[in-house]
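Structure assessment
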Amino acid sequence: MNREAGRAGADPKRCGSTREGLHALIVVCTWVLFFYWWSCVLPTTLLSDAAWAILAILVVSVCTVVLTLGWVRYNLGIYRRKGPRRRNLDVPEHFTVDGLGRDLVHTGWEAQRASRLITVSVDGENRKTLSAREG
Amino acid sequence: MDQVIAGMVFFQHTTLYWVMLTYFGFYPVFSAVVWVTTSIIYFFRKERMGEEEDATLYALPEPPPMVSVLIPAYCEEKGIEATLEAAMRIDYPRFEIVVVDDGSTDETVARVMPYVERGAVRLVRKTMNEGKAMALNDALPCLNGEIILALDADAVVDFGILRALVPHFSSARVAAVTGNPRVSNRRTLLSKIQLIEFTSVVGLLRRAQRVWGRIQTVSGVVVAFRKQALLDVGLFDPSMATEDIDMSWRLQKRFWDIRYEPKALVWMQVPETLRGLWRQRRRWAVGLGQVLRRHGGILFHQKNLRFWPVAYEAILSILWSACFVILTSLWILSYSMGIHPIGAYPIPNFWGMIIATTCIAQLTVGVVLDRHYDRSIRPYAAVAVLYPAIYWALMSTITFFFTPIGFFRRRPKITLWKTERK
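**Re the overall build of chain B**
In terms of helices and strands, chain B carries 14 helices and nine strands. Expected size for 422 residues packed as a compact globule is a radius of gyration near 22 Å; at 22 Å, chain B falls within 12% of this value. When its C-alpha atoms are laid out on the principal axes, chain B stretches across 75 × 50 × 45 Å. Residues classed as buried in chain B amount to 64% of the 422 residues present. Taking contacts inside chain B between residues at least 6 apart in sequence as the whole, the part at least 24 apart equals 84%. Only carbon and sulfur atoms are counted for the fraction: they give 61% of the accessible area of chain B, which is about 15800 Å². Looking at charge distribution, chain B has the averaged site of its 48 positive side-chain charges lying 5 Å from that of its 37 negative ones.

Right, here's the structure in full:
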């Protein structure tokens, strides 16, 4: 598949340059605040606290990778033993009522599927009617 | 007032407070680490393939199955034509386009009719508005496809979408494949934050969940279903606020497989105002609450073991939002009364900065992984810094207040459309 193929909707709508400038300013200020806070926090942080934090994150990362790869291997093992799932469910298409329990009235599902325009309405007897326009 | 102060001070010395504080501090860091590492594993296993392997994996079956591109619409006069034009450009040998109009009161039908007259599109026109789920259900018997690609009516698909999605259905137990929604409207800062969110939270989470084996929800804006699977679980439930989350859980409870396909691109519109975003996320929170109530039993049944990581993760996220709201409210109240709360600081401390930094790192990884599919996202990576600063508070508040409403409130008969369009 060609990942570089043109994108039908890839024409993101953007705002005017003034607004873009304002957004950029807000983002830049927030980044400045972010780094400023780090500059305030780091000198007051004990090395041991920082080490514990990094260690905790590393341990979680390593455990996640090990467990995940183990899980993947386990599932691949099942796939190799049992092969791909091949059983196709054959559920009959049996539409007699709609989602609210109202009877469906129509001229036959073949006619509905062949039609370009189908009108769905509800009548006073609490039935849903589908009428197909030919063609 | 003295009693309130005394109560606050007392609470801050309880075990519950310390448990909440610890959870509040550790969960976002560790969940970010888990999502990032797991999604990177997915990336290397599934997305970094040579051309030959890629061609084999995405080869269409012979004969290619018939696909119905189903577009439910309610008052979509502004965007429906662009959606239809893009859908007509899909590169696939056998498909039909069906719009189901859910009793629109604007010019939606008038915009669609020219396409119907020239035979490019079929129209199921409902005379009454009954919500998206009912619209999908009413259209289903009229469709010719064995695979149904459900799209939002303001979504513009990439022409390669069906070639990316359909090959997954060669596996007999695949019920649905969810695509990769990209944000097309980037006029406001809020929409730019959502751009990062969909790339870095939704994209990463889907990849990670695929590795675990179950997906919390498909993206309602772009998802392909196997028709037989929908029939197997009884179609969409009109009483659920989020029929996509409900359908995802129902399918997977019946041991159907749901996959994620990052190459299946669709360009969607997101709310650009706070009001619009609030309403959308409120509905999602209520929907998740309804789903947890309806399907919560899977948390205790061993046969649904593979669902546990996804289900428990959803609950842990909700609990974290609760901690966020309760603790932040407590701290603001404490400071306003001149009391320095225990464990909190007006300016983030070291661990607070670790939380923010891991969040930004997670968002950046999401941008890096998704940049192959959306090169226009790179300039927006810098917006990630606003996510922990602004977005967390907003989303946590919505989750905290509205998920319980969905859980405890009696479900309405049907849920109607409430989408803001501009």
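After that view of the structure, there is still more to cover.
**Here's the deal with helix α12 (residues 308-336) of chain B**
The terminal C-alpha atoms of α12(B), which comprises 29 residues, lie 41 Å apart, in line with the 42 Å expected from a rise of 1.5 Å per residue. Just past α12(B), the residue B:Gly338 takes up positive phi, approximately 80 degrees.

**Some words on the interface of chain B and chain A**
Contact with chain B, which involves 88 residues of that partner, is made by 71 residues of chain A. Counting the surface chain B buries against chain A, the share from its top three residues, B:Pro141, B:Arg187 and B:Phe350, is 10%. In this assembly, chain B and chain A are joined by three salt bridges. B:Lys192 serves as the salt-bridge partner of A:Glu20, at 3.0 Å between the closest nitrogen and oxygen. At the junction of chain B and chain A, the tally comes to 23 residue pairs in polar contact (both at pLDDT 80 or more). Broken down by element, the residue count for the side of chain B that touches chain A peaks at nine residues, all from helix α2 (residues 15-47) of chain B. Residue classes in the side of chain B that touches chain A are distributed as 48 nonpolar, 16 polar and 24 charged. As judged from the four bridges shared by strand β3 (residues 117-122) of chain A and strand β3 (residues 122-126) of chain B, these two strands associate in the parallel manner. Following the sheet pairing, A:Ile118 is matched in β3(B) by B:Val124.

**Some details on the pattern of salt bridges**
Applying the stated rule across the entire model yields 27 salt bridges over all chains. Between A:Arg102 and B:Glu130 there is a salt bridge; the shortest N-O distance is 2.4 Å. On the criterion of chain membership, the pair formed by A:Arg102 in the loop between α2 (47-82) and β2 (103-106) and B:Glu130 in the loop between β3 and α6 (132-139) is interchain, its members lying in two chains. The salt bridge partner of B:Asp370 is B:Arg207, with a shortest N-O separation of 2.9 Å. With B:Asp370 in helix α13 (residues 350-370) and B:Arg207 in helix α8 (residues 189-212), the pair connects residues that are 163 residues apart, well separated along the chain. A single network of salt bridges, built from pairs that share partners, joins A:Asp98, A:Arg102, B:Asp102, B:Lys126, B:Glu130 and B:Asp138.

**Comments concerning the confidence of the model for chain A**
Detailed reading of the predicted coordinates is not advisable wherever pLDDT is low. Chain-level statistics for chain A give a pLDDT mean of 82 and a share of 87% at 70 or above. Within chain A, the lowest mean pLDDT, 66, falls on strand β1 (residues 13-14) of chain A, and the highest, 92, falls on helix α1 (residues 17-41) of chain A.

**Brief notes about the packing of aromatic side chains**
All names here are of chain B. Summed over the entire model, instances satisfying the criterion amount to 25 aromatic pairs over all chains. Their ring planes at 10 degrees and their centres at 5.5 Å tell us that phenylalanine 24 and tryptophan 320 sit as a pair that is stacked. Residue phenylalanine 24 is found in helix α2, and its partner tryptophan 320 is found in helix α12; the two are separated by 296 residues along the sequence. The buried category is assigned to phenylalanine 24, whose relative accessible area is 14%. Of the aromatic side chains, those joined through ring pairs into one cluster are Phe24, Trp320, Phe324, Trp331 and Trp392. Between arginine 173 and the ring centre of tryptophan 256, over which it is positioned, the NZ or CZ distance is 4.3 Å. The ring of phenylalanine 402 carries arginine 282 above its face, with NZ or CZ at 5.9 Å from the centroid.

**A look at the pairing of strand β8 (residues 222-226) of chain B**
Residues in a regular strand point their side chains to alternate faces of the sheet. All names here are of chain B. Summarising burial for β8: five of the five residues are buried, a large majority. Burial of the side chains of β8 extends over both faces: Val222, Ala224 and Arg226 are buried on one face and Val223 and Phe225 on the other. Inspection of the sheet shows strand β4 (residues 147-151) paired to β8 by five bridges, in the antiparallel sense. Note on β8: the bridge partner recorded for isoleucine 147 is arginine 226. Both strand β6 (residues 174-183) and β8 contribute to a ladder of three bridges, which runs antiparallel. Looking at the pairing, threonine 178 lines up with valine 223 of β8.

Conventions adopted
In this numbering scheme, every chain counts its residues from 1 along its sequence in written order. All chains are assigned letters beginning with A, and all ligands numbers beginning with 1, in the order in which they are written. The predicted nature of this model means local features are confined to residues of pLDDT at least 70 and side-chain atom pairs, given and counted, to a pLDDT of 80 or more, with totals for whole chains, interfaces and linings taken over all residues. Side-chain figures throughout are based on the complete set of non-hydrogen atoms in the structure, without hydrogens or water. Numbering of helices and strands runs from the N terminus; a helix is a DSSP stretch of H or I covering at least four residues, while a strand is a stretch of E covering at least two. With the radius of gyration taken over C-alpha atoms, the globule rule is written as 2.2 Å times the number of residues to the power 0.38. Think of it in three bands: with a 1.4 Å probe and only protein chains considered, a residue is buried below 20% of the maximum accessible area for its type, exposed above 50%, and partly exposed in between. Contacts are assigned to residue pairs with any non-hydrogen atoms lying within 4.5 Å of each other. Using the Shrake-Rupley algorithm and a 1.4 Å probe, accessible areas are obtained, with residue cover drawn only from the displayed protein chains. In this tally, Lys and Arg are treated as positive and Asp and Glu as negative; His is ignored, and so are the chain termini. The atom standing in for a charge is NZ when the residue is Lys, CZ when it is Arg, CG when it is Asp and CD when it is Glu. The length a helix should cover is 1.5 Å for every residue beyond the first. Once two parts are brought into contact, the accessible area they lose, counted with a 1.4 Å probe and summed over both, makes up the buried area. A carboxyl oxygen of Asp or Glu within 4 Å of a side-chain nitrogen of Lys or Arg is what we treat as a salt bridge. Think of a polar contact as two N or O atoms within 3.5 Å of one another; within protein, one of them needs to be a possible hydrogen donor and the other a possible acceptor, and neighboring residues in sequence only count if both atoms come from side chains. Basically, the charged four are Asp, Glu, Lys and Arg, the nonpolar ten are Ala, Val, Leu, Ile, Met, Phe, Trp, Tyr, Cys and Pro, and anything else, Gly included, counts as polar. Strands were regarded as paired on the criterion that DSSP finds at least two bridges between them. The quantity known as pLDDT measures the predictor's confidence residue by residue, on a range of 0 to 100. Two rings belonging to Phe, Tyr or Trp (six-membered ring only in the last case) form a pair when the distance between their centres is within 6.5 Å. Interplanar angles under 30 degrees mark stacking, angles over 60 mark edge-to-face geometry, and anything in between is tilted. The rule for a charge over a ring is simple: NZ of Lys or CZ of Arg within 6 Å of the ring centre, and within 35 degrees of the ring normal.

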